[in-house]
Amino acid sequence: MNVVIIGAGLAAANAVAELREQGHTGDIVVVGEEPHLPYERPPLSKGLLLGSAEPDAAFVHPREWYDEQQVDVRVGTVVTGIDLDRGRVRLGAGGLPYDRLLLATGATPRHLAMADTSGAPVLHLRTLDDALALRDRLTEGARIAIIGAGWIGLEVASAARQRGASVTVLESASLPLQRVLGDEIATVFADLHREHGVDLRLGASVTGVEHDDGKAVVRVEDGEPVVADLLVVAVGVTPNDRLAADAGLAVDNGVLVDARLRASDPHVFAAGDLADQNHPVLGRIRVEHWDTAIHQGRHAARVMLGGDEPYTRLPYFFTDQYDLGMEYVGHGAGYDDLVVRGDLAARQASVLWLRGDRVVAGMHLNDWDAIEPLRAVVGVGATDAVRDPSVPLADLA
Ligand SMILES: Cc1cc2nc3c(=O)[nH]c(=O)nc-3n(C[C@H](O)[C@H](O)[C@H](O)COP(=O)(O)OP(=O)(O)OC[C@H]3O[C@@H](n4cnc5c(N)ncnc54)[C@H](O)[C@@H]3O)c2cc1C
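Residues numbered from 1 in each chain as written. Predicted model: local features only at pLDDT ≥ 70, side-chain atom pairs only at ≥ 80, totals over all residues. Heavy atoms only, no water.

### Topic: the site of the ligand
Then step 1. The environment of the ligand is made up of 35 residues, and the closest members are A11, E34, K46, R126 and D273.
Then step 2. At a separation of 2.4 Å, an oxygen atom of the ligand approaches a polar side-chain atom of K46.
Then step 3. Burial of the ligand by the protein amounts to 94% of the accessible area it has alone, namely 1000 Å².
Then step 4. The set of elements that each furnish at least two residues to the shell around the ligand consists of α1 (10–21), α6 (151–162), α10 (290–304) and β22 (316–321).
Then step 5. Looking at the shell around the ligand residue by residue, the classes come out as 17 nonpolar, ten polar and eight charged.
Then step 6. Split by domain, the residues of the shell around the ligand number at least three in each of domain 1 (3–108 + 237–304) and domain 2 (111–233). (Near = heavy atom within 4 Å. Polar contact = N/O pair within 3.5 Å; in protein donor to acceptor, adjacent residues only side chain to side chain. Areas by Shrake-Rupley, 256 points an atom, 1.4 Å probe, with all protein chains shown as cover. Helix = DSSP H or I, 4+ residues; strand = E, 2+ residues; numbered from the N terminus. Nonpolar A, V, L, I, M, F, W, Y, C, P; charged D, E, K, R; others polar. Domains from an automatic or database assignment.)

Okay, structure coming up:
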């Protein structure tokens, strides 16, 4: 059986490792558009921007590993089409046959047309090359404007401040990360950035971007324009699902896969940022996190080899901003209650989100021993003990 993987990212690198670990001896070809072997993206907005990590540390496996594993990785190569009937992918003029196909094409940053057409200095952050270009611009005294106070926008703000740049963040919501975390915890992040000197403008609606003598001028409704040496647009991503849609696979803001990561064609699977899974616990969900790309990549590999387990792992996410480290597990959307253990103001705490009679998500701030107890508590009933902050987390599961 030969396997083709489209997209040479984190999900792909982990799928390959799992295929070989499970004893698969058939051909494996990984086709990736970027000129690099698969790498981890989290360092791109953290250590790499800070200058404390080098690009080499981000690669999932060294080149020799792929050679040893007899995996044919074709970097700098775009897959232009999939022929489901013939079991072939198209690469420019050539093609590749497959018995099993894994789609792992990730996602692309959303663009704002007004920024793209302005001629002003504008960057997005997704690739290693984006990160290296951005790192060069984060110099002492540089003025950086960021549109979007999501995870990427805030991590860029943190790195830029630590490198001595002045930073303005423009966010249309009334708090950063409000939709994911809710007001109380989102406020912790707003305070964190303001304490570190970020000019955080909330409820700010950007109406235009202009170019003025090498600078970006960002116009804001009811506010002063922001003049910056660089504008970073960090307003989320869209899944790279065009290829799948054009092939006739079921797609709806991501490739629709069942609980076992199988797409609408029996020989095709999807994993990572691209995959909109019918999760056995959470229902339809597409997760744009590092941990999901790793574990779905491995899971898809096992299912391609005949495994029949559903993918049940809960979403997990981490961030590092200034001296704050945070890990989050579960899916707290639509929560109706929140329980905090510890001290939010000191940013030393754990938090549980409750919905109905269940714990649906947990998070810690700078309490690294808490993640396993949190993982164990997500999904359990919202008992009196869970709701009582004086009961230690470790006693709940
Ligand atoms: C800057 C940054 C920081 C992040 N930090 C965190 C973090 O702190 N914590 C966390 O949990 N998550 C983080 N993430 C998210 C995490 O990195 C992603 O969830 C993960 O990379 C998704 O992996 P993937 O394999 O699905 O896709 P990707 O890693 O995006 O790989 C997909 C690859 O497919 C290629 N491709 C697309 N179309 C084609 C085609 N037609 N032909 C060939 N190749 C194609 C793309 O070029 C890309 O290289 C971060 C992401 C970014 C960008």
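Further notes follow.
### So, the environment of V237
Then step 1. Positionally, V237 belongs in strand β17 (residues 237–239).
Then step 2. By relative accessible area, V237 is classed as buried at 15%.
Then step 3. Apart from residues no more than four positions distant in its own chain, V237 is found in contact with A107, T108, P109, R110, R126, R286 and E288. (Buried < 20%, exposed > 50% of the residue type's maximum accessible area, 1.4 Å probe, protein only. Contact = heavy atoms within 4.5 Å.)

### Considering the pattern of salt bridges
Then step 1. Going through the model one piece at a time under the given rule, you end up with 22 salt bridges.
Then step 2. The salt bridge involving E21 is made with R298; its shortest N-O contact spans 3.2 Å. Here E21, found in helix α1, pairs with R298, found in helix α10; they are 277 residues apart in sequence, far enough to count as distant.
Then step 3. On the basis of relative accessible area, E21 is assigned to the exposed category, the value being 56%.
Then step 4. With a closest N to O distance of 2.9 Å, D337 and R387 form a salt bridge. Placement of D337 in strand β24 (residues 337–343) and of R387 in helix α12 (residues 384–387) is noted, with a sequence separation of 50 residues between them.
Then step 5. What makes D337 partly exposed here is its relative accessible area of 31%.
Then step 6. By relative accessible area, which is 35% here, R387 ends up partly exposed.
Then step 7. Among the ionic contacts, a cluster of salt bridges with common partners joins E18, E21, R298 and R302. (Salt bridge = Lys/Arg side-chain N within 4 Å of Asp/Glu carboxyl O.)

### Focus on the UniProt feature "domain: FAD/NAD(P)-binding" (unreviewed entry) in the protein chain
Then step 1. As recorded in UniProt, the sites labelled "domain: FAD/NAD(P)-binding" (unreviewed entry) are residues 1–297.
Then step 2. Between the C-alpha atoms that bound residues 1–297 the distance is 18 Å, and the span itself is 27% helix and 28% strand. (UniProt positions renumbered as here; feature names shortened; annotations may be inferred.)

### Some words on the nonpolar core
Considering soluble globular proteins, one finds that nonpolar side chains tend to be buried as a cluster.
Then step 1. If you look at the biggest cluster of nonpolar residues, it comprises 54 residues, and the most contacted ones within it are I5, V30, I82, V89, L101 and L103.
Then step 2. The element that contributes the greatest number of residues to this core is α1, accounting for eight residues.
Then step 3. In this structure, I82 is in contact with I6, R88, V89, R90, Y98, L101, L103, L243 and A247, ignoring residues within four places of it in sequence.
Then step 4. Core analysis: the next-biggest nonpolar cluster, separate from the first, contains 51 residues, L128, L134, I146 and L324 among them. (Core = buried A, V, L, I, M, F, W, Y, C linked by side-chain atoms within 4.5 Å.)

### Quick word on α6
Then step 1. The end-to-end C-alpha separation of α6 is 17 Å, in line with the 16 Å expected for twelve residues at 1.5 Å each.
Then step 2. With respect to burial, α6 is a largely interior element, nine of its twelve residues being buried. (Expected span 1.5 Å × (residues − 1).)

### Re the domain arrangement of the protein chain
Then step 1. Here the domain parsing of the protein chain yields domain 1 (3–108 + 237–304), domain 2 (111–233) and domain 3 (323–395).
Then step 2. Distance between the C-alpha centres of domain 1 and domain 3: 32 Å.

### A word on the environment of G51
Then step 1. Note that G51 resides in the loop between α2 (47–50) and α3 (63–68).
Then step 2. Its relative accessible area of 42% is what places G51 among the partly exposed residues.
Then step 3. Spatially, the C-alpha atoms of G51 and D252 are 38 Å apart, while their sequence positions differ by 201 residues.

### Re empty space enclosed by the protein
Then step 1. Across all of its chains, the model carries one cavity of 30 Å³ or more by this definition.
Then step 2. Estimated volume of the largest cavity: approximately 50 Å³.
Then step 3. Every residue along the wall of the largest cavity is listed here: A275, Q277, H279, I285, R286, V287, T292, Q296, Y311, R313 and P315.
Then step 4. Elements represented by at least two residues in the lining of the largest cavity include exactly β20 (275–279), β21 (283–286) and α10.
Then step 5. Here the lining of the largest cavity takes three residues from β20, the largest share from any one element. (1 Å grid on protein atoms, 1.4 Å probe; cavity = no way out; pocket = protein on both sides within 12 Å on 5 of 7 lines; lining within 4 Å. Points joined across faces, edges and corners; volume = space filled by probe spheres on them.)

### Quick notes on the sheet that holds strand β19 (residues 268–270)
Note on sheets: strands pair through backbone hydrogen bonds, and any given pair is parallel or antiparallel.
Then step 1. Spatial ordering of the open sheet is given by β3-β2-β1-β7-β19, a layout of five strands whose pairing is parallel. Bordering the open sheet on either side are β3 (72–74) and β19, each of which pairs with just one other strand. Adjacent strand axes in the sheet meet at a mean angle of 15°, parallel and antiparallel pairs treated alike.
Then step 2. As defined by bridge partners, strand β1 (residues 3–6) adjoins strand β7 (residues 100–103) across four bridges and the pair is classed as parallel. Counted as the bridge partner of I5 is L102 from β7.
Then step 3. Most of the contacts of α1 go to strand β2 (residues 28–31), to which it runs at about 175°, and overall it touches β1, β2 and β7. (Pairing = 2+ DSSP bridges. Axes fitted to C-alpha atoms, helices over the stretch in contact; angles between N-to-C directions.)

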